[in-house]
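Each chain, letter by letter, is given below.
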Amino acid sequence: MTKPHDIIVIGAALNGLAAALALGGRHVKRPLDVVVVDAKDPRAFSTNAFDGRASAITAAARRMFEALGIWDKVAHEAQPMAEIIVTDSAVPGGARPVLLQFGEADMKGGPSSHMIENRFLYGAMLEAAQASPHIRFCVGQAVEHYHFKPGLAAVTLADGTALKASLIVAADGRNSPAREAAGIKLVGWPYDQMGLVATVEHELPHNGRAEEHFTPSGPFAILPLPGNRSSLVWSERTEQAQRMLALPMEDFEEELKLRFGTHLGEVKLISGRHGYPLAMYLAETFTAPRLALVGDAAHVLHPLAGLGFNLGLRDVAALADCIHDAAGLGLDIGSEAVLDRYTQWRRFDTVATGAMMDGMNRLFANTNPVLTLIRRAGLLAVNRMGGMKSMFVSEAAGISGDLPRLLRGERV
Ligand SMILES: Cc1cc2nc3c(=O)[nH]c(=O)nc-3n(C[C@H](O)[C@H](O)[C@H](O)COP(=O)(O)OP(=O)(O)OC[C@H]3O[C@@H](n4cnc5c(N)ncnc54)[C@H](O)[C@@H]3O)c2cc1C
């Protein structure tokens, strides 16, 4: 057993790397001693073939990346969203009445979000974490055993390496073995939907416009990337999605074009395709003795508003405040008081956001004519109310509510 660390972060994907940087990165005022563990080698995550996804990074998340010294490494790969439109389509590829539109006039403090391919986020965060003398990596070995003891937490890796620390931060994804080992239950349900993800190139510029087309089988999102490219998140019923994934590539491209429409001219598929089962799950509690859950380990949402990773960053930023405040006072960073403060800070926001995403998915996936009328009338009414639209934009930008320091762009 090596000498105890301050923190063991399990998971070196988006949320694990963000946690490592917020606790032990070079831009942290008093960095803690962090060890990051992952069953996989995170260098593989920065290739496009890895997950093919792009993320909508909110204004608050951008401030956090600035405070952590990441933003200038990815800014040239980021596409600001200048406009967002929401349509309600009864049939794929059919007429799409625009019900809600947010333009530059509604986004007075700058764009509410930027689109960035995940491979660039993984690459920049990994490089920054590797550059910190306070962050050590132990990768290619899964954690096999967990010990949550009153005074200290410990893990054993598949090769027998034993690590101990004051606190374990579990960023080990939706099936979180750490959450399971601590006996934390999940509430939620799978949707009978998959998210198909692909990147396309189109003839005409998107001018920074993001489009969310609600169809009865789920939302079809066209999200702008730098150049004449867009990232697609196409939600379909599981059976239909699996049929799409099994099609020859040319046939898949034809199906995709049908849904995409012709408004951006000729469209060409320029990536592979990936399918993600969609679900909504919330951990019953975000902490256990000497353990804090962040990211998908704590919550999985429908990707219709592109908030999953942003919610993970909110966890990381709140946890960083709780831990650094305790460390600054010379207190135990894994104590119950620190973990209670973290749970209280994050629990309500997560439940509220999860319920909203779930409600929207259900409301729009419903073909009942009365509900269709109500949702269309509701969105058209919001579209005419300037104040209401600004409120939606602040929410989407993640700049409302009780923000931890990193989300305000301040160093911890
Ligand atoms: C289709 C789709 C589109 C999305 N779009 C957006 C978007 O636009 N904006 C947004 O904010 N979010 C979006 N999301 C959500 C976002 O992608 C996820 O919330 C985020 O990637 C989760 O990251 P994570 O680090 O928590 O978990 P993961 O990426 O699942 O990483 C978990 C890591 O833990 C490691 N691990 C697991 N078990 C062990 C073990 N026993 N030992 C060691 N290591 C272990 C794994 O190897 C892995 O590297 C989208 C999601 C989907 C499905």
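Residues numbered from 1 in each chain as written. Predicted model: local features only at pLDDT ≥ 70, side-chain atom pairs only at ≥ 80, totals over all residues. Heavy atoms only, no water.

By the naming in an unreviewed UniProt entry, the chain is 2-octaprenyl-6-methoxyphenyl hydroxylase, taken from Aestuariivirga litoralis. One UniProt comment on the chain, placed under Cofactor (unreviewed entry), says "FAD". (UniProt positions renumbered as here; feature names shortened; annotations may be inferred.)

### Thoughts on the environment of E66
In this fold, E66 is placed in helix 2 (residues 59–67). Remark: the alpha-carbon pair of E66 and L406, spanning 340 residues in sequence, is separated by 8.8 Å. (Helix = DSSP H or I, 4+ residues; strand = E, 2+ residues; numbered from the N terminus.)

### Looking at the sheet that holds strand 3 (residues 54–58)
Here we have 3 strands laid out as an open sheet, ordered 3-7-4, and antiparallel in their pairing. For this open sheet the edge positions go to strand 3 and strand 4 (79–80), each flanked by a neighbour on one side alone. Where strand 4 and strand 7 (residues 113–117) come together, 2 bridges link them in antiparallel fashion. Considered in strand 7, the bridge of Q79 is made with M115. Helix 2 contacts strand 3 and strand 7 of the sheet and is inclined by roughly 90 degrees relative to strand 3. Packing of helix 4 (residues 118–130) onto the sheet brings it into contact with strand 3 and strand 7, and relative to strand 7 it is tilted by some 85 degrees. (Pairing = 2+ DSSP bridges. Contact = heavy atoms within 4.5 Å. Axes fitted to C-alpha atoms, helices over the stretch in contact; angles between N-to-C directions.)

### As for the site of the ligand
Residues in contact with the ligand amount to 31 residues; listed here are only the nearest, N15, D38, R53, D296 and G306. Here an oxygen atom of the ligand sits 2.7 Å away from a polar atom, N or O, in the side chain of D38. If the ligand stood free it would expose 1000 Å²; the protein chains cover 88% of that surface. Mapped by element, the contributors of at least two residues to the shell around the ligand are helix 1 (14–24), strand 3, strand 9 (143–148) and helix 8 (308–328). (Near = heavy atom within 4 Å. Polar contact = N/O pair within 3.5 Å; in protein donor to acceptor, adjacent residues only side chain to side chain. Areas by Shrake-Rupley, 256 points an atom, 1.4 Å probe, with all protein chains shown as cover.)

### Observations concerning the side chain of R259
Tracing the chain through its elements places R259 in helix 7 (residues 249–260). Here R259 falls in the buried class, since its relative accessible area comes to 9%. Of the polar contacts made by the side chain of R259, one reaches the side chain of E255; its length is 2.9 Å. (Buried < 20%, exposed > 50% of the residue type's maximum accessible area, 1.4 Å probe, protein only.)

### Comments concerning the packing of helix 6 (residues 238–246) against helix 7
At a closest axis distance of 8 Å, the pairing of helix 6 and helix 7 adopts a crossing angle of 130 degrees. As far as their axial angle goes, helix 7 and helix 6 are oblique. Contact residues: Q240, R243 and M244 in helix 6; F252, E255 and R259 in helix 7. (Parallel < 35°, antiparallel > 145°, perpendicular 65-115°, else oblique.)

### A word on the side chain of S230
As for its position among the elements, S230 is in strand 15 (residues 229–237). Here the side chain of S230 touches H202 through a polar contact of 2.8 Å, side chain to side chain.

### Notes on helix 1
Note that an α-helix has 3.6 residues per turn; residues three or four places apart therefore point the same way. Among the 11 residues in helix 1, 11 count as buried, and that is most of the element. For helix 1, the complete set of buried residues consists of L14, N15, G16, L17, A18, A19, A20, L21, A22, L23 and G24. Tucked inside the fold, the buried residues of helix 1 contact strand 1 (5–10), strand 2 (34–38), helix 4, strand 8 (135–139), strand 11 (162–170) and helix 8.

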